[in-house]
Amino acid sequence: MSGLNETHDPALRSWVESANGATTDFPIQNLPFGVISPNGVEDDRIAVAIGDSVLDLRACFRAGLLDGLAGDKSHAVFEARTLNGLMAQQPDVWSALRLCLSRGLREGATQQARLSPHLLAMNDIALKLPSRIGDFTDFYCSIEHATNGGKMSRPDNPLMPNFTSLPVGYNGRASSIVVSEVGIVRPRGQFSKDGKIVFGPTEMLDFELEVGAFIGAGNPQFRAIPLSEAPEHFFGICLLNDWSSRDVQSWEYQPLGPFLSKGFATTISGWVITQEALAPFRVPARPRDKEHGEALEYLRDANNDARGGLGLRLEVRLHSENMRQNAQPPEVITATGFDSMFWTIPQMITHHSSNGCPMRPGDLLGSGTVSQYGEKAQGCLSEITWRGTNPIQLENGETRAYLLDGDEVVMTGYCTAPGARRIGLGVCSGRVLASLPK
Ligand code: CA
């Protein structure tokens, strides 16, 4: 995992003035990568966010401003329509590009005049999916979430015995992943209602607040990624909303796990925060309680213990149709932290590849719902409302057990640490649209 270097210096300022504001998610210390389409109609190309602007990296490459940064892979990296080419490189390439961008975007940089023509306003671009996601796996790494979920169905024995032994996961549906702001049509499915099994629009639509991790360079099939090398295979993170139909899920999940209750849509934020940008916010992995014993050897190493966790705060806001009509702002319904996850991102990568499963650049891993104990610190409505039995009271008088049509779910996240510049993850939002006619 990368250490600190000059790109993390909290005193750095950018000649892009909006990057110097105290509340921006994208100061010069962040430099997240994404895929944009200028005006929403031009070709997709890779870009980096800086304040409320984006720098078109394909245009910079064509102008000769990124020469030599990816050697003979430069064309594959900078002319690509997705970030897969960049993700497939080794961390030294990612690092060299970050340093070049940091130096070029700094206040007083001699490259300002050559870079500024390739800067676009964030409002003038459409953000696209960052990578061509070949495979999507969703994990289940919060012990608070697993315990709460278990309590609802097995009050005496909430935590399954495998939870502390391995990061539980399932293979998701990559084709259903969308970028922030794409509308989510309420899915239809099969579920139990009034003692009968029916098929219709889900009546228990939920969100799940998660963190997504993009794989960098992959591994050959049948060759596992050891935990000591897992950080080298981890490109960066985004916010992830694993939309879920709870009524469909509870009918379909046994014995093979979730299927159509999850595979209709997953929303991710469009900017990928690199592992190097996250270096100041690394924290120790959550210590295991005595009763959990040690992890098996392949899931244990000193670097992971010391730096495997991430000091990331996460929030969910709800913006209902009613709030929008009355010009009311979205209301915070969850504020929680990623530092208490039981399993770390490198442990997910290592476990996933431990049977020889090949991971490929741009593959996406979901962390599982991020929950902590305490009021409004859970990452899904099912937990917050205890399966709908204790609805949320919103400030405008509305209540919610599950999501209604017109509800917009807005997820944000940010990292802070002493001596580091705050960085944010941008926004992961999606609005629920009425079910389509049969
Ligand atoms: Ca999930």
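Residues numbered from 1 in each chain as written. Predicted model: local features only at pLDDT ≥ 70, side-chain atom pairs only at ≥ 80, totals over all residues. Heavy atoms only, no water.

A. Geometry of helix α10 (residues 345-353). Burial analysis of α10 places nine of its nine residues in the buried class, the great majority of the element. Residues of α10 that are buried: I345, P346, Q347, M348, I349, T350, H351, H352 and S353. In the core, the buried residues of α10 are packed alongside β6 (136-139), β7 (169-171), β13 (209-215), β14 (234-241), α8 (302-307) and β22 (364-366). (Buried < 20%, exposed > 50% of the residue type's maximum accessible area, 1.4 Å probe, protein only. Helix = DSSP H or I, 4+ residues; strand = E, 2+ residues; numbered from the N terminus. Contact = heavy atoms within 4.5 Å.)

B. Examining the coordination of the calcium ion more closely. Those protein atoms acting as donors to the calcium ion are D138 (OD), E208 (OE), E210 (OE) and D242 (OD), and they sit at 2.2 to 2.3 Å. Of note, the calcium ion draws all its donor residues from one chain, in the sequence arrangement D-x69-E-x1-E-x31-D. One end of the pair, E210, is in strand β13; the other, D242, is in the loop between β14 and β15 (244-245), with 32 residues separating them in the sequence. For D242, a relative accessible area of 0% corresponds to the buried category. (Donors = N, O, S within 2.8 Å, 3.2 Å for Na, K, Ca; no water.)

C. Expanded view of the side chain of N148. Mapping N148 onto the fold places it in helix α6 (residues 143-153). Using a relative accessible area of 7% as the deciding quantity, one classes N148 as buried. Looking at N148, its side chain comes within polar contact range of the side chain of E383, at 2.8 Å. N148 has contacts with Y373, Q378, E383 and W386, leaving out every residue within four places of it along the chain. (Polar contact = N/O pair within 3.5 Å; in protein donor to acceptor, adjacent residues only side chain to side chain.)

D. Fine view of the environment of F222. Relative to the helices and strands, F222 is located in the loop between β13 and β14. On the basis of relative accessible area, F222 is assigned to the exposed category, the value being 67%. Distance from F222 to G356, taken between C-alpha atoms, is 3.5 Å for residues 134 residues apart in sequence.

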